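Listed below, chain by chain, are the residues.
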Amino acid sequence: MSEEDQKPRISETKDGSTTLYSPVFDQHYHNPNGAVAESKIVFFETPGLLQALQEQNHIAIFEMGFGTGLNFILLKSYLDALENPPKVDLYSVEAFPVDPDTATQFDFGEELNQQHPAELLHSIFSDAKPGTNSFQITDYLTLNLFIGPFNDSPKPDQSIDYFFHDPFSPDVNAELWKPDVFRKLKAYADESAVLATYCAASSARAAMAVAGWKLSRAPGALGKREMTLASLDEKNLVGFKRVNELRLVERYHQGDFD
Ligand SMILES: C[S@@+](CC[C@H](N)C(=O)[O-])C[C@H]1O[C@@H](n2cnc3c(N)ncnc32)[C@H](O)[C@@H]1O
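Reading the values: rules and limits
- Residues numbered from 1 in each chain as written.
- Predicted model: local features only at pLDDT ≥ 70, side-chain atom pairs only at ≥ 80, totals over all residues.
- Helix = DSSP H or I, 4+ residues; strand = E, 2+ residues; numbered from the N terminus.
- Rg over C-alpha atoms; globule rule 2.2 N^0.38 Å.
- Buried ≥ 20, exposed ≤ 12 C-beta atoms within 10 Å, placed from the backbone.
- Near = placed C-beta within 6 Å.
- Pairing = 2+ DSSP bridges.
- Contact = placed C-beta atoms within 7 Å.
- Axes fitted to C-alpha atoms, helices over the stretch in contact; angles between N-to-C directions.
- Right-handed = clockwise from strand over helix to strand, strands pointing away.
- Parallel < 35°, antiparallel > 145°, perpendicular 65-115°, else oblique.
- Nonpolar A, V, L, I, M, F, W, Y, C, P; charged D, E, K, R; others polar.
- Core = buried A, V, L, I, M, F, W, Y, C linked by C-beta atoms within 7 Å.

K.L.:
How should I be thinking about the overall build of the protein in this particular structure?
P.N.:
Along the protein, the regular secondary structure elements total 10 helices and 12 strands. In terms of overall size, the protein behaves like a compact globule, its C-alpha atoms giving a radius of gyration of 17 Å where 258 residues would be expected to give roughly 18 Å. When the backbone C-alpha atoms are referred to their principal axes, the protein occupies close to 50 × 50 × 35 Å. Of all 258 residues assigned to the protein, the portion counted as buried reaches 40%.

K.L.:
Got a minute to help me understand the site of the ligand in this structure?
P.N.:
In the neighbourhood of the ligand, 21 residues make up the surrounding shell, with G65, G67, T68, L70 and A95 lying closest. Counting only elements with at least two residues in the shell around the ligand, the list comes to α4 (70-80) and β5 (87-94).

K.L.:
Sorry if this is basic, but what is going on with the sheet that holds strand β9 (residues 189-197) here?
P.N.:
The pairing of strands in a sheet comes from backbone hydrogen bonds and takes either a parallel or an antiparallel form. Strand order across the open sheet formed by 9 strands is β6-β7-β5-β4-β8-β9-β11-β10-β12, with mixed pairing between neighbours. Of all strands in the sheet, those bounded by a partner on one side alone are β6 (131-136) and β12 (241-242). One ladder, built from 4 bridges, connects strand β4 (residues 58-64) with strand β8 (residues 160-165); its direction is parallel. In the strand pairing of β8, E63 is matched with F164. The strands touched by helix α8 (residues 179-188) within the sheet are β4, β8 and β9, with β9 carrying the most contacts at an inclination of about 135°.

K.L.:
Which parts of the structure should I look at to understand the sheet that holds strand β3 (residues 27-28)?
P.N.:
Reading across the sheet, the 3 strands line up as β1-β2-β3 and stay open at both edges, with antiparallel pairing between neighbours. The two strands at the open ends of the sheet, each matched to only one other strand, are β1 (9-12) and β3. Where strand β2 (residues 18-22) lies against β3, 2 bridges are found, and the strand directions are antiparallel. Paired with S22 across the strands is Q27, a residue of β3.

K.L.:
Help me understand the environment of Q115 in this model?
P.N.:
Structurally, the position occupied by Q115 is in the loop between α6 (109-113) and α7 (117-127). Excluding its chain neighbours within four sequence positions, the residues that come into contact with Q115 are I73, K76 and S77.

K.L.:
How should I be thinking about the pairing of β4 in this particular structure?
P.N.:
On a regular strand, one side chain projects to one face of the sheet and the next to the other, so that they alternate. In terms of burial, β4 is a largely internal element, 6 of the 7 residues being buried. As paired elements, β4 and β5 share 7 bridges and run parallel to each other. For I59, the partnering residue across the bridge sits in β5 and is V88. In this fold, β4 hands off to α4, which returns the chain to β5; that crossover is right-handed.

K.L.:
Where do I start with the packing of helix α2 (residues 35-45) against α4 in this structure?
P.N.:
Two numbers describe a pair of packed helices, the interaxial angle and the distance between the axes. With their axes 10 Å apart at the nearest point, α2 and α4 run at an angle of 70° to one another. One element, α2, and the other, α4, form an angle in the roughly perpendicular class. Of the residues in α4, those in contact with A35, V36, S39, K40, F43 and F44 of α2 are L70, N71, L74 and Y78. A per-class count over the contact of α2 with α4 returns 7 nonpolar, 2 polar and 1 charged.

K.L.:
How should I be thinking about helix α9 (residues 202-210) in this particular structure?
P.N.:
Residues spaced three or four apart along an α-helix face the same direction, because each turn holds 3.6 residues. All buried positions along α9 are accounted for by A204, R205, A206, A207, M208 and A209. Contacts made by the buried residues of α9 are with α8, β10 (214-219), β11 (226-231) and α10 (245-253). Where α9 terminates, the next one or two residues include G212, which has phi positive at roughly 100°.

K.L.:
Help me understand the nonpolar core in this model?
P.N.:
Side chains that are nonpolar tend, in soluble globular proteins, to be buried together. In this structure, I61, I160, Y162, F163, L195, A196 and M208 are the most contacted members of the largest nonpolar core, which totals 64 residues. For this core, the leading source of residues is α2, giving 6 residues. Beyond its immediate stretch of four places on either side in the chain, M208 contacts F182, W213, L215 and A230.

Given below as structure tokens:
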């Protein structure tokens, strides 16, 4: 595949917002039924982050896969709408940053477009260099963007309250769904932390369970049956149907997911 053919391409989702399609991973960056709607449900509403933004003074978030920057733009828009926004540090990693010119074509829907996200993302993608980049976006929002593979990324300098686990799916992006990855994330986590992912695959849940995360299932977004929430302490998963981690660990060691 030539370099030009490998470049992610703009694609429209059913709620009118755009996403990207990656020819390398042969996958869209978001649910084709609605990029913005999916991000809101999976990463903000279901894990309780939306409520925490209104109630807490300081929140640290870790995102696996900055991608189009949509989760970051959504976070900024939720914070901008608050009278007293908390201080938020977003740590995100991205191995294959989007070309700045592609970012100018993003359309995240009327509500988010008021923030001129394409311009902000164009400048972030233009300025970001390999390694750690720190952008003071507003008085209350800092973006710490690591450009490079997750394996090479440093531990955040504070414990993490919410994780957006948002790689491509395990069948095409397997290295980010292994127990070692979830062990590393566990070492980043505050004891009250909640990790959210759109993924409900048993193999992914097993990798989390092997790494010592407690798990629960939640209704999936936009036509998907389920998503997954994880935490180090099951009391952070109250209200959700729990997953049997012991059984998954057993199946993992039997080789069911090899
Ligand atoms: C589903 S997309 C993320 C969508 C993103 N959160 C958003 O809001 O647009 C997955 C991202 O993970 C990145 N990725 C894949 N493997 C990676 C790795 N080993 N380290 C860091 N990033 C990786 C891809 O380049 C892609 O941008």
